[in-house]
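# What the coordinates show
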Amino acid sequence: MSAVYINLAYIAAALLFVFGLKMLGSPATARRGNLISSTGMLIAVVVTLASEQILSYEWIAAGVAIGALIGASASRLVKMTSMPEMVALFNGSGGVASLLVGWSALYGGEVSTFTGVVVMLSVLIGGVTASGSVIAWGKLSEILPSRALVLAGQRFCNGMILAAVIVAGVLFTMAPQPDSWVFFALLGLALLLGVMAVVPIGGADMPVVISLLNSYSGLAACAAGFAINNNILIVAGSLVGAAGIILTNIMCKAMNRSLANVLFSGFGAAKTATAVEGEVKPINVEDAYLILEAASSVTFVPGYGMAVAQAQHVVCELGDLLEHNGTDVSYAIHPVAGRMPGHMNVLLAEASVSYDQLVEMDDINPRMDNIDVAVVIGANDVVNPAARTDTASPIYGMPIIDVDRARTVFVLKRSMASGFSGVDNPLFFGENTRMLFGDAKESLSGIIGEFKA
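All chains use their own residue numbering, which begins from 1 and follows the written sequence. Reporting in this predicted model follows two pLDDT cut-offs: at least 70 for local features of residues, and 80 or more for side-chain atom pairs to be given and counted; totals over whole chains, interfaces and linings ignore these cut-offs and use all residues. Calculated side-chain values reflect all of the structure's heavy atoms, with hydrogen atoms and water omitted.

Of all residues except glycine, most have a negative phi; of all peptide bonds, most are trans. One non-glycine residue with positive phi stands out, namely N229, at about 60 degrees. Along the polypeptide, N229 turns up in the loop between helix 8 (206–228) and helix 9 (231–255). Numbered from the N terminus, helices here are DSSP runs of H or I no shorter than four residues, and strands are runs of E no shorter than two.

Now for the packing of aromatic side chains. Aromatic pairs are defined between Phe, Tyr and Trp rings, using the six-membered ring for Trp, whenever the two ring centres lie within 6.5 Å; interplanar angles under 30 degrees are classed as stacked, those over 60 as edge-to-face, and all others as tilted. Applying the stated criterion across every chain, the model contains seven aromatic pairs. Here W103 and F183 contribute two aromatic rings whose centre-to-centre distance is 4.8 Å and whose plane-to-plane angle is 40 degrees, an arrangement assigned as tilted. A residue pair is termed long-range when its members are at least 10 positions apart, and W103 in helix 4 (residues 83–104) and F183 in helix 7 (residues 181–198) qualify at 80 residues. For the pair W103 and F183, a shared accessibility class is recorded, and that class is buried. Ring geometry for F300 against Y331: centres 5.4 Å apart, planes inclined by 20 degrees, an arrangement best described as stacked. Here the residue F300 occupies a position in strand 1 (residues 297–302), and Y331 occupies one in strand 2 (residues 328–333), the gap between them amounting to 31 residues. No difference in accessibility class separates F300 from Y331, as the two residues are buried. Only protein chains enter the accessibility calculation, which uses a 1.4 Å probe. A residue is then buried if its area is under 20% of the maximum for its type, exposed if over 50%, and partly exposed in between.

Before going further, it helps to examine the sheet that holds strand 4 (residues 373–377). Reading across the sheet, the six strands line up as 3-2-1-4-5-6 and stay open at both edges, with parallel pairing between neighbours. Here the strands that pair on one side only, and so sit at the sheet edges, are strand 3 (358–360) and strand 6 (433–437). Within this sheet the neighbouring strands show an average axis-to-axis angle of 25 degrees, counted without direction. For strand 2 and strand 3, the ladder comprises three bridges, and the chain directions are parallel. For I333, the partnering residue across the bridge sits in strand 3 and is E360. Strand pairing is assigned whenever DSSP identifies at least 2 bridges connecting the two strands. Lines fitted to the C-alpha atoms define the axes, with helices restricted to the stretch that makes contact. Angles between their N-to-C directions range from 0 to 180 degrees.

Below, the discussion takes up the nonpolar core. Take the buried residues of types Ala, Val, Leu, Ile, Met, Phe, Trp, Tyr and Cys, join any two whose side-chain atoms come within 4.5 Å, and each joined set is a nonpolar core. In this structure, L292, F300, L318, V375, I401, V403 and I447 are the most contacted members of the largest nonpolar core, which totals 69 residues. Contact between two residues is taken to exist if any of their heavy atoms lie within 4.5 Å; hydrogens are not considered. Not counting residues up to four positions away in its chain, the partners in contact with V375 are L292, V298, T299, F300, V301, F410 and L412. By size, the runner-up hydrophobic cluster in this structure holds 37 residues, among which are V128, V182, A190 and I201.

As a further point, take the environment of T327. You can see T327 is positioned in the loop between helix 13 (312–324) and strand 2. Separated by 35 residues in sequence, T327 and D362 place their C-alpha atoms 22 Å apart. In this structure T327 touches L292, A295, S296, S297, V298 and L322, once residues within four positions along its chain are discounted. A polar side-chain atom of T327 sits 3.1 Å from the main-chain carbonyl oxygen of A295. Polar contacts, as used here, are pairs of N or O atoms within 3.5 Å; protein pairs need one atom able to donate a hydrogen and one able to accept it. Residues neighboring in sequence count only if both atoms are side-chain atoms.

This part is about the pairing of strand 2. With respect to burial, strand 2 is a largely interior element, five of its six residues being buried. Sheet topology places strand 1 next to strand 2; four bridges connect them, and they run parallel. What sits directly across from S297, in strand 2, is D328. When the strands point away from the viewer and the path from the first strand over the helix to the second turns clockwise, the crossover is right-handed. Since strand 2 and strand 3 lie parallel, the crossover through helix 14 (residues 343–350) that links them has a hand, and here it is right-handed.

With that settled, consider helix 6 (residues 154–174). Taking 1.5 Å per residue as the helical rise, helix 6 with its 21 residues ought to reach 30 Å, and the 31 Å between its terminal C-alpha atoms agrees with that figure. For helix 6, the complete set of buried residues consists of Q154, N158, I161, V165, A168, G169, F172 and T173. Buried residues along helix 6 cover an arc of 125 degrees about the axis, so they all sit on one side. Projecting away from the buried face of helix 6 at angles above 90 degrees are the exposed residues F156, I166 and M174. Lining the buried residues of helix 6 we find helix 5 (113–140) and helix 7. By this rule, a helix spans an expected 1.5 Å times one less than how many residues it contains. Comment: arc refers to directions from the helix axis out to C-beta atoms.

Turning our attention to the side chain of S443. Summarising the element assignment, S443 is placed in helix 17 (residues 440–452). With a relative accessible area of 6%, S443 lands in the buried category. For S443, the residues in contact, after removing those within four places along its chain, are V285, L412, L436, F437 and G438.

In this section: the confidence of the model for the chain. A residue's pLDDT is the confidence the predictor assigns to it, expressed on a 0 to 100 scale. Scored by pLDDT, the chain comes out at a mean of 86, with 93% of its residues at no less than 70. Per-element confidence in the chain is highest for strand 1, whose mean pLDDT is 95, and lowest for helix 10 (residues 259–263), whose mean pLDDT is 64. With pLDDT under 50 throughout, residues 265–270 is counted as low confidence; its partners more than four residues away or in other chains account for 20 contacts.

This part takes up the packing of helix 1 (residues 3–23) against helix 9. Put simply, helix 1 and helix 9 touch, their axes get as near as 9 Å, and they point 15 degrees apart. Between helix 1 and helix 9, the interaxial angle falls into the category roughly parallel. Crossing of helix 1 against helix 9: the hand is right-handed. Counted together, N7, Y10, A13, A14, F17, V18 and L21 of helix 1 and N231, I232, V235, A236, L239 and A243 of helix 9 form the full contact between these two elements. Reported orientations rely on four angle classes, namely roughly parallel under 35 degrees, roughly antiparallel over 145, roughly perpendicular from 65 to 115, and oblique for the rest. Handedness of a crossing is defined here by the sense of rotation of the near helix relative to the far one, left-handed for an anticlockwise turn of less than a right angle and right-handed for a clockwise turn.

For K413, the position within the fold is in strand 5 (residues 408–413). The charge count includes Lys and Arg as positive and Asp and Glu as negative, but it does not include His or the ends of the chains. Only one rule defines a salt bridge in this text: a Lys or Arg side-chain nitrogen within 4 Å of an Asp or Glu carboxyl oxygen. There is no salt bridge for the buried K413, and the closest opposite charge comes from D381, which lies 8.8 Å off by N-O distance. Other than its neighbours up to four places away in sequence, K413 contacts N380, F428, M435, L436, F437 and G438.

The structure is reproduced here in structure tokens:
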């Protein structure tokens, strides 16, 4: 292929990346944006393989078919509750791919100092991303403890590992060889650093970690692009890296964390929240119906429990019934509700909830005093008043949805168990709170039945 046609194809792919990424900013256009970006990546991959004469068209077609089969199977078989784990594994896969691409650049003959530097960066960032993503996947899937695991001398150990990485990186760039002990030392240290960076981070902070690792995977790809002198890989990696950093910053603000603390694992320190005691006021489906039927305004606050119960469709149905009853219905979305950025938006979009009814935390809180009923569906940490009042709590300072200020609060939970952060919630004992115990989907279906009776 002519260099002119290759570069034109790369420019077209880059434009598709940019337009697709822009469209991902709105739930209304997100699916189309994903398709456009995927098309751009398909063009980039096929053109790269064909231009380098790496494979015949038959092998390219076979690879596309196999990849499409795996992707389609994952999209159909992976449950929405497991989406955060899958995203973590995708981030790790991107890190491994960039690491291997950078490594392969060392086998092309004499390696310049610049190539040695970018290979070192692709191996380092890719290794940290790969192992860190595996730990994040373990925490999200609860194969590993979700709480922060802080070891004695944690920061000192991390500092020593980082210093060893710098030394190994300098030695490697001075004499970049693919099979030298320095290279394997750098690789091992990168993998170890990824583990040590994510282990001390607690479950409540996982949305921040996911977006940060996503940024790391992009930066690793960008470095790999420089290593093999591939423009489209540089562009794609830069876009992912920049978008990930922006999203990480948004998540940090939503969690009231500093980006510096995230980067240096400073926000995983364990704290012991004040124990909460009080009297719980349970409610049944019939009484909940009577209160909702008389309400002028109702706000649903979804959390990870809604995903577990797969209750998004019945939430939408109940919202429609309330609207037909003359009730003003809204859905309050916390930026880090669930276990990945945008988790609740995806679930509610799947249930065809109107985008206009989704209200962000900063917009719903000023209206909360005038809300008749706030229905909390499987959310915990993002509505926990301890974040405002308990300085000993691990989530102290985190902005929350102030449902405790609503006139009445329904909390739908299976039990009194704490949330992902392991912190007790005083909301459950509030004077205006009523606990509707049981499976959220079954409870909401029961209320729907009362409306239709």
